[in-house]
Amino acid sequence: MSADIDVARRLDLVRREIDAVDRAFDHHVSIVAVTKGFDEWAIEAAVAAGCDAIGESYAQDLLSKQAIVEGLAPEVHFIGRLQTNKVRLIAGLVDVWSSLDRPSVVDEVAKRAPSSRVLIQVDTTGDPAKGGCQVPDVDTLVERARGAGLVVDGLMTVGPTGEPAEAARPGFRQVRRLVDELGLSVCSMGMSGDIAVAVQEGSTEVRVGTGLFGPRPARN
Ligand SMILES: *Cc1c(COP(=O)(O)O)cnc(C)c1O
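Keep in mind that this is a model prediction, so the values were computed, not measured.

Peer 1: An account of the overall build of the chain is needed here, citing residue identities and associated values.
Peer 2: Along the backbone of the chain there are 10 helices and 8 strands. Each of the three principal axes of the chain carries a C-alpha extent, and together these read 45 × 40 × 30 Å. The buried share of the chain, taken over its 220 residues, is 51%. Within the chain, counting contacts between residues at least 6 apart in sequence, those at least 24 apart form 56% of the total. Accessible area for the chain stands at about 10000 Å²; split by element, carbon and sulfur atoms hold 48% of it. Taking the 24 positively charged and 32 negatively charged side chains of the chain as two groups, their mean positions are separated by 3 Å.

Set out below in structure tokens:
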């Protein structure tokens, strides 16, 4: 129970951080609680605290949490790098595929999870470990996903890590511009370390892990 109270308090701090941003628009910024790397308690606490959705990054971890996910039925966003051979295994558990970044995963998601909601992930750091397609490829992927019957809600990007939050600003600005040019609605950017910069640049969805749950246990 104390974990629940802690997460609720931290969620409140995140909401205040978002609300404190001076911004030209006043749309709702939703909060995806990134429960990757944490045990079931984090999902329980996120749901109890009223997060908009949970985010998981590893197919195997999501599968191991299948019982609680089905029991509590939070909206599940898959935010990690997607391997085509894993899509089929988690198709029944995922509500939003947030990290489509190449034709093969677009096609596989369309096949295994027809008509689902997706985001196209854009690379704004040049770090291949983070995934994401190159900016000039974004509209082709959006078209491909639509052609395959998927619902493209918007774009997602991951800012640089281990750098001051300010370093994320140019990339965030570029992704917001693309969202507008393509007439999309969701602009998923901002994590625990760069929430304010992301919201200043027009994020509609932040993905927060350590800011809600504390340090992530090491992956073994
Ligand atoms: C882990 C992760 C997050 C959350 O990062 P925190 O620093 O824990 O807030 C957000 N988005 C993606 C894609 C991630 O992999």
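Peer 1: Lay out the site of the ligand with the relevant residues and their values.
Peer 2: Close contacts around the ligand come from V34, K36, S57, I79, V158, M191, S192, R207, V208, G209, T210 and R216, and that covers them all. K36 places a polar side-chain atom, nitrogen or oxygen, 2.7 Å from an oxygen atom of the ligand. One of the side-chain nitrogen or oxygen atoms of S192 is found 2.4 Å away from an oxygen atom of the ligand. Isolated, the ligand exposes 390 Å² of accessible area, and the fraction of that covered by the protein chains is 87%. A breakdown of the residues in the shell around the ligand according to their chemical character gives 5 nonpolar, 4 polar and 3 charged.

Peer 1: How would you summarise the pairing of strand β2 (residues 53-56) if you had to cite specific residues and measurements?
Peer 2: Neither face of β2 is left uncovered, since the one carrying A53 and G55 and the one carrying I54 and E56 both have all their residues buried. As defined by bridge partners, strand β1 (residues 30-34) adjoins β2 across 3 bridges and the pair is classed as parallel. Across the sheet, residue V32 finds its bridge partner in β2, namely A53. Between the parallel pair β1 and β2, the chain is carried across by helix α2 (residues 40-49), and the sense of this crossover is right-handed. Note that β2 and strand β3 (residues 76-78) share 3 bridges and pair parallel. Bridge pairing in β3 places G55 opposite H77.

Peer 1: Can you explain the packing of aromatic side chains? Please cite residues and give values.
Peer 2: In this structure the tally under the stated criterion is 4 aromatic pairs. Centre to centre, the rings of F78 and W97 are 6.4 Å apart; their planes meet at 45°, and the pair counts as tilted. Here F78, found in strand β3, pairs with W97, found in strand β4 (residues 96-100); they are 19 residues apart in sequence, far enough to count as distant. Just as F78 is buried, W97 falls in that class too. Taken together through their ring pairs, the aromatic side chains of F38, W41 and F213 make up a single cluster.

Peer 1: Which residues make up helix α6 (residues 103-112), and what values do they have?
Peer 2: Residues spaced three or four apart along an α-helix face the same direction, because each turn holds 3.6 residues. The set of residues buried in α6 consists of V105, V106, E108, V109 and A110. Summarising the contacts, the buried residues of α6 are in contact with α5 (84-90), β4, β5 (117-122) and α7 (138-147).

Rules and cut-offs
Residues numbered from 1 in each chain as written. Predicted model: local features only at pLDDT ≥ 70, side-chain atom pairs only at ≥ 80, totals over all residues. Heavy atoms only, no water. Helix = DSSP H or I, 4+ residues; strand = E, 2+ residues; numbered from the N terminus. Buried < 20%, exposed > 50% of the residue type's maximum accessible area, 1.4 Å probe, protein only. Contact = heavy atoms within 4.5 Å. Areas by Shrake-Rupley, 256 points an atom, 1.4 Å probe, with all protein chains shown as cover. Lys, Arg positive; Asp, Glu negative; His and termini not counted. Charge placed at Lys NZ, Arg CZ, Asp CG, Glu CD. Near = heavy atom within 4 Å. Polar contact = N/O pair within 3.5 Å; in protein donor to acceptor, adjacent residues only side chain to side chain. Nonpolar A, V, L, I, M, F, W, Y, C, P; charged D, E, K, R; others polar. Pairing = 2+ DSSP bridges. Right-handed = clockwise from strand over helix to strand, strands pointing away. Phe/Tyr/Trp six-rings, centres within 6.5 Å; stacked < 30°, edge-to-face > 60°.

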